[in-house]
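For reference, the chains in residue letters:
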Amino acid sequence: TNPSLLILPGDGIGPEVMAEVRKIIDWYGANRGLAFDVTEDLVGGCAYDKHGTPLHDDTMAKAQEVDAVLLGAVGGPKYDNLDFSVKPERGLLRLRKEMDLYANLRPAQCFDALADFSSLKKDVVAGLDIMIVRELTSGIYFGEPRGIIEEGNERVGINTQRYTESEIDRVARSAFELAMRRNKKLCSMEKANVMESGVLWREVVTEVSKDYPEVALSHMYADAGAMQLCRWPKQFDVIVTDNLFGDLLSDAAAMLTGSLGMLPSASLGAPMANGRPKALYEPVHGSAPDIAGQGKANPIACILSFAMALRYSFDHGDEATRLEQAVEKVLADGYRTADLLGEEGKQPVSTSEMGDAIVAALDAS
Ligand code: NAI
Ligand code: MG
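Remember, predicted model here, so these are calculated numbers, not experimental data. (Residues numbered from 1 in each chain as written. Chains lettered and ligands numbered in written order. Predicted model: local features only at pLDDT ≥ 70, side-chain atom pairs only at ≥ 80, totals over all residues.)

### Quick word on the confidence of the model for the protein
Here is step 1 of the chain: Residues of the protein with pLDDT of at least 70 account for 99%, and the chain-wide mean is 95.
Here is step 2 of the chain: ipTM for the predicted complex: 0.98, alongside a pTM of 0.94. (pLDDT = per-residue confidence, 0-100.)

### Observations regarding the site of ligand 1
Here is step 1 of the chain: Neighbouring ligand 1 are 22 residues, the closest being Gly75, Gly261, His285, Gly286 and Asn298.
Here is step 2 of the chain: Tallied by class, residues from the shell around ligand 1 come to 11 nonpolar, 7 polar and 4 charged. (Near = placed C-beta within 6 Å. Nonpolar A, V, L, I, M, F, W, Y, C, P; charged D, E, K, R; others polar.)

### So, the packing of helix α11 (residues 317–332) against helix α12 (residues 351–363)
Two quantities define a packed helix pair, namely the angle between the helix axes and the distance between the axes.
Here is step 1 of the chain: Contact geometry of α11 with α12 gives a least axis separation of 8 Å together with a crossing angle of 120°. When the axes of α11 and α12 are compared, the pair comes out oblique. Note that α11 runs across α12; the crossing there is right-handed. Of the residues in α12, those touching α11 at Arg322, Ala326, Val327, Lys329 and Val330 are Ala357, Ile358, Ala361 and Leu362.
Here is step 2 of the chain: Within the contact of α11 with α12, the residues separate by chemical class into 7 nonpolar, no polar and 2 charged. (Axes fitted to C-alpha atoms, helices over the stretch in contact; angles between N-to-C directions. Helix = DSSP H or I, 4+ residues; strand = E, 2+ residues; numbered from the N terminus. Parallel < 35°, antiparallel > 145°, perpendicular 65-115°, else oblique. Left-handed = near helix turned anticlockwise from the far one by under 90°. Contact = placed C-beta atoms within 7 Å.)

### Looking at α12
Here is step 1 of the chain: Here α12 spans 19 Å end to end across 13 residues, near enough to the 18 Å set by a 1.5 Å rise per residue.
Here is step 2 of the chain: Residues Thr351, Met354, Gly355, Ile358, Ala361 and Leu362 constitute the buried set of α12. The arc that holds the buried residues of α12, viewed along the axis, is 120°, so those residues lie on one side.
Here is step 3 of the chain: Of the surrounding elements, those touching the buried residues of α12 are α1 (14–31), α10 (300–312) and α11. (Expected span 1.5 Å × (residues − 1). Buried ≥ 20, exposed ≤ 12 C-beta atoms within 10 Å, placed from the backbone. Arc of directions from axis to C-beta.)

Right, here's the structure in full:
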């Protein structure tokens, strides 16, 4: 049977960029004998419009069954005043929570053709290809106690950083597995110098490393890590860190390489019966209401998210590389959506022209 894929285009530019991914999926079916059982469904504002909820139970059940979920983006001004319980983002949060997607993979990859676009020096970013694994379901964003309390005659805002051994263990395993598929080099970042959770983090990661003797493990304080990421990011391959540090480090690392329209992501959970991890792939960007419906969106972030699905859910790393090289080729040939043009006075290509160019590059591969 074919591998199964649930596609949730969502709102705003989500459906526009997903339409280009559909062209790529069709290409693989027609040219590489790689057919997927694709189901498409609603998430976010469009699901609220139809069902009064940003994620229907049937969609949630489907997401639990398939080999991978691919999501566009959710949200938009139309939904900004909705009650918190039915806001579009809640659809995405429900998927992440019920699928228990604890490992968030955020690559920072620099295509040579865009090296000039980075705010850093070209030699610092050219050829950069690193991956940050951020713990996504625990840590200071979720720890109890939390809240704003009265103490004496003032208020105190409280959050608690809390990690159990098992929470650290499972995300560390995801990172080691990833390191094994890449260059067998992993750097774990925390602040064991000032945080108890950091001490435990370092202990547990070190313990897990015994199961991966081939992986060269190093540890770094997260603040020093931030500095090193900007100074010489190519020293890293895979980085694993907690929810808070990962939020900051992955945003910073991603921006080393240019536009939001280029950034894919994956969120992985525990292995399913077939050995594949539960997985949700999505571009980092949102629904971009300012450009929605105008054919201006860059589809590459969503296309690269599908490449991650090929690699991490479907064991087609070679086909993922083929797709990434097709993207590299169109960029080298000068194709640019508006977000990749900066100050240059060139004429941008549209969303569908970019998708077509990538399909043509696949044809030529
Ligand atoms: P955004 O990522 O949608 O847009 C930020 C800026 O980047 C905008 O100027 C937009 O035009 C541009 N941009 C984003 N993706 C692009 C692409 N593929 N090609 C070209 N330009 C692109 O973030 P913003 O404006 O803060 O949020 C807009 C809506 O999206 C809100 O409703 C927000 O809640 C939602 N959102 C959803 C996310 C998701 O579905 N995972 C993530 C972030 C925001
Ligand atoms: Mg963030």
